[in-house]
Structures are given as C-alpha cells and as structure tokens.
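# Survey of secondary and tertiary structure
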Amino acid sequence: MRKVYFDNNATTPIHPEVKQAVEPFLGELFGNPSSIHWAGRDVKGYYEIAKEQAARIIGAEGHEIVFTSSGTESDNHAIKGVAYMKRDRGNHIITTTVEHPGVLNTCRYLEKRGFDVTYLPVDRFGIVDPEDVKRAIKKETILISVMYANNETGTLMPIGEIGEIAREYGVLLHSDMVQALGKIPIDIKTLNVDLASFSGHKIYGPKGVGVLYIKEGIDIDNLIHGGHQEQGRRAGTENMVGIVAFGKACELLECEMDNENERIEKLREKMLRGILEKIEGVRLNGHPELRLPNTLNLSFEHVEAESLLISLDLQGIAVSAGSACSSGSTEPSHVLMAMGIPPKLCQSSIRISLGRQNNEEDVEYFLTILPGIVKRLREMSPFYKKG
Ligand SMILES: *Cc1c(COP(=O)(O)O)cnc(C)c1O
C-alpha cells in the first residue's frame, strides 16, 4: 500500500543530510564541549557553528540563541522566565485563546501562582486584533505572548504590529514561532520580538531539541539550574546530536525553503481545488491568504473527523484531526472553537499539512481516495440529506 504522510505540522521526517551530519556525534565525536582536552575541543567548534546556523536563519546573533529540549520547553522558559524575573514589576500577562498548549498551560499554571492572564479572542480567521492587545495592556503587564503561525490552521498573526505596540508600551513580547520557521521568512529584528520559540522536529530535524531566542540585553530567570552551559541560561551537558542537527536543518532551510515552499503551496492549492471540485459541503478554516503555505484545515459537513482520519489511515494516508497535542481527547479543537466555528463542524475538521517529501502523486492519490470515504461516512450519518 502507498504510504502518504500529510501531518508535517505534527512532526517531520528527518532530512537525509541532517542524518548524515549527526552521525559522527553518535560515534567518534563523543566529547563534552566543556572539556579542555582534545575530545572536548573536537566538538566545541561544531557547537558554535550550529549556534550561528540557528541564528542566521532568523536574523539573530549566535549569543541570542539558547538550545533547549523542545518547543514546549522554550515556551515554558520564555513565559515563566519573564514572569519570575519581573514579578516585582507586575503580574499581568497577555496571550490569545488559540496558542499551543505549551503556552496556554504555562499561563494557566502561572494563574495558580498569583499571575493574572488575559486570553484575547480571535476573529473568524483566527487572528487577534492588535488594537485588542493595546487595550489589554495595563501598568502591571509584563509580557505579551502571541504565536506567529497557528499549528492547526496555519493562520498568521500580525506579529510585527504587536511588536510595535509592545515596544511603545515597554512590555516584552514572546512569540511561539515553531510552525513559522522554514515556512515563511523570519526576520526577528524587524518584528520587534524579544523572545521566540523554535523546535527541531518541525523543521526536518530530530525530536528533543529546541531553541529559545532571547534578544540581546534581555534577562530572564533560568529554569534549569546546574552547570554554566548556554551562557548560564540553561544547564545540562549539551545535546550535541540535537544541536548539530538543528543547525544543519537551518542551513538546509536557507538554501531550500524558498523553492520548497513555492512547490508545496502549489501542491496544496491543487489539493484544495480538487477537494472542492469533487466534494460538496467542505469549508476552509483559517485565513485564505494570511497563512502558511503547507497547511489546510477543512471541515467536512456531516462527517466525523475521527472516522475520516481512521478511514484515510487504512488507505495509508496520515492526516490529523485538530492537532497531535489535542487528539485522543474528544473535546473539539480549542482553536476552531475560538474562531466561532460551531462544535459540530469543529468535530468534522481535519488538518492536512504538507512537507518537502510530498509530491504530485501523493496529492493525486489523496484525491482519488478521499471522495469515496466522505461519501460513505455521510451515508452512514443520520443528519445527512443527499442533494
Ligand atoms: C509542535 C509545536 C510546539 C511544541 O514543540 P515540541 O518540540 O514538540 O515540544 C509548540 N508550539 C507549536 C506552535 C507547535 O506546533
């Protein structure tokens, strides 16, 4: 059976050149980069290169990059780090209702520890209004956290505008940019972002490595205490395999991303056209233009997403219902709900996220399989009336 992977927003396959680049670090390059002797020295240079590679892709400086264990850790570190550092100045945090659980659940945790969090609503496309951000700021506000690209819909947030507001009011801005990296260009300096989260396994690197960008001059509390690694910002002997892989993945993005994203966007548009031609009662969720080139979130009226996902899986096609982080729960997606989509339609929504390994044949295969499955599931639905 053909196997097609359309869940690249959940995780991506490792790029073959990334795999090749890390192999020596599972063998002869085993040293601890903090060691003074040859084994440490052999490795230290590669650590510095990886940091430069990670910095360059977002327009930052090497010393502004902190390697972490995941996008989730980066979110935690940014938000708790600012909250603990600035608690004497204020206890108010502003975020949105459509953030990743790495942000939302960190904010909920802080609420239990005496912080006050404003969860701003979004419009029907999933976009927060910068004016709402401005109005929510009060003298106790210490942090704004708004994601750049939503993982479920691909919708892009007006981070540049929010950055200007944050700067005008002297409030720090964190952005979860895990989904944005590699899919749209990021120039961290023009966006006026102070802290930003990234993850290796969303950019064709391995799981278990992330980056937190901390703008020069910004001091936040450390969450992991121990040795002096990462300039004292995050202790623990460096995950050289993950770090080298992250750097290599960024270097590859630099040469491949423009062409790849153009190609992937064409595939996605072909897929969307095909679906709308062949199937009635389909709605596109998220903003039609202001979104990532690879993501498609669709509601199929009178179809249960879970059943659709399982039927597609039986044909070798991997998609997701909502996000990987919330699947397994029967709750409708918090992102789609926040956009005002009725619960029934939320539970009829799937996310298709393409990646560099996908090609025309994958899309054609999907378009031959999908209509029959949707038809069969609808015929089983008591609410579906034909014609
Ligand atoms: C995947 C994802 C994360 C979490 O990254 P991990 O490395 O899996 O912890 C955070 N935010 C967004 C938007 C994501 O898509």
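Below you will find a few notes about this structure. Not measured: the values here are computed from a predicted model.

The next thing to look at is the site of the ligand. Looking at the ligand, there are 13 residues lining it, with Thr72, Asp176, Gln179, Ser199 and Lys202 nearest. Residue Gln179 places a side-chain N or O atom 2.7 Å away from an oxygen atom belonging to the ligand. The side chain of Ser199 places a nitrogen or oxygen atom 2.6 Å from an oxygen atom of the ligand. Relative to its unbound accessible surface of 380 Å², the ligand loses 90% to contact with the protein. Ranked by the residues each element gives to the shell around the ligand, the list is headed by helix H3 (residues 71–86), at 3 residues. Partitioned by chemical class, the residues of the shell around the ligand number 2 nonpolar, 8 polar and 3 charged.

Take a negative patch on the surface next. A cluster of acidic residues, Asp123, Asp129, Glu131, Glu161, Glu164 and Glu168, forms a negative patch on the protein surface. At 3 residues, helix H6 (residues 159–169) tops the list of elements feeding residues into the negative patch. Along the chain, Glu168 turns up in helix H6. For Glu168, a relative accessible area of 56% translates into the label exposed.

This next bit is on the sheet that holds strand E9 (residues 282–285). If you walk across this open sheet you meet the 3 strands as E9-E10-E12, and the pairing is antiparallel. The strands lining the two open edges of the sheet, one partner per strand, are E9 and strand E12 (349–353). Across this sheet, the average inter-strand angle for adjacent strands is 30°, counted without regard to direction. Where strand E10 (residues 295–300) meets E12, 5 bridges bridge the pair, whose relative direction is antiparallel. Directly across from Leu296, in E12, lies its bridge partner Ile352. Along the sheet face, helix H7 (residues 240–278) touches E9, E10 and E12 and points at about 10° away from the line of E10.

Glancing now at the sheet that holds strand E4 (residues 116–120). The strands that make up a sheet are held in pairs by hydrogen bonds between backbone atoms, and each pair lies either parallel or antiparallel. Pairing within the open sheet is mixed, and its 7 strands lie in the order E2-E8-E7-E6-E5-E3-E4. The open sheet has two edge strands, strand E2 (65–68) and E4, and neither has a second partner. Taking each pair of neighbouring strands and ignoring which way they run, the sheet shows an average axis angle of 20°. As paired strands, strand E3 (residues 92–96) and E4 are joined by 5 bridges and run parallel to one another. The residue bridging His92 from the neighbouring strand is Asp116, located in E4. Taken strand by strand, H3 contacts E2, E3, strand E5 (141–145), strand E6 (172–176), strand E7 (195–199) and strand E8 (210–214), and its axis lies near 160° from that of E7. Set on the sheet, H6 makes contact with E5 and E6; between it and E6 the angle comes to about 160°.

Every buried residue of helix H8 (residues 305–314) is accounted for by Ala305, Leu308, Ser311 and Leu312. Each buried residue of H8 sits inside an arc of 125° when the element is viewed along its axis, so together they form one side. Buried residues along H8 sit in contact with E10, strand E11 (317–318), E12 and helix H11 (360–380). Gly316 occupies a position one or two residues after H8 and carries a positive phi of about 85°.

Right, let's get into the packing of H7 against H11. Each pair of packed helices gets described by two things: the angle between the helix axes and the distance between those axes. The contact between H7 and H11 brings their axes to 10 Å, and the two run at 20°. Relative to H11, the element H7 lies roughly parallel. The two elements H7 and H11 cross, and the hand of that crossing is right-handed. In contact with Leu267, Lys270, Met271, Gly274, Ile275 and Lys278 of H7, H11 contributes Glu360, Val363, Glu364, Phe366, Leu367, Leu370 and Pro371. Looking at the contact of H7 with H11 residue by residue, the class counts come to 8 nonpolar, 1 polar and 4 charged.

Analysis parameters
- Residues numbered from 1 in each chain as written.
- Predicted model: local features only at pLDDT ≥ 70, side-chain atom pairs only at ≥ 80, totals over all residues.
- Heavy atoms only, no water.
- Near = heavy atom within 4 Å.
- Polar contact = N/O pair within 3.5 Å; in protein donor to acceptor, adjacent residues only side chain to side chain.
- Areas by Shrake-Rupley, 256 points an atom, 1.4 Å probe, with all protein chains shown as cover.
- Helix = DSSP H or I, 4+ residues; strand = E, 2+ residues; numbered from the N terminus.
- Nonpolar A, V, L, I, M, F, W, Y, C, P; charged D, E, K, R; others polar.
- Patch = residues over 30% accessible without salt bridge, like charges linked within 9 Å, V, L, I, M, F, W, Y side chains within 5 Å.
- Salt bridge = Lys/Arg side-chain N within 4 Å of Asp/Glu carboxyl O.
- Lys, Arg positive; Asp, Glu negative; His and termini not counted.
- Charge placed at Lys NZ, Arg CZ, Asp CG, Glu CD.
- Buried < 20%, exposed > 50% of the residue type's maximum accessible area, 1.4 Å probe, protein only.
- Pairing = 2+ DSSP bridges.
- Axes fitted to C-alpha atoms, helices over the stretch in contact; angles between N-to-C directions.
- Contact = heavy atoms within 4.5 Å.
- Arc of directions from axis to C-beta.
- Parallel < 35°, antiparallel > 145°, perpendicular 65-115°, else oblique.
- Left-handed = near helix turned anticlockwise from the far one by under 90°.

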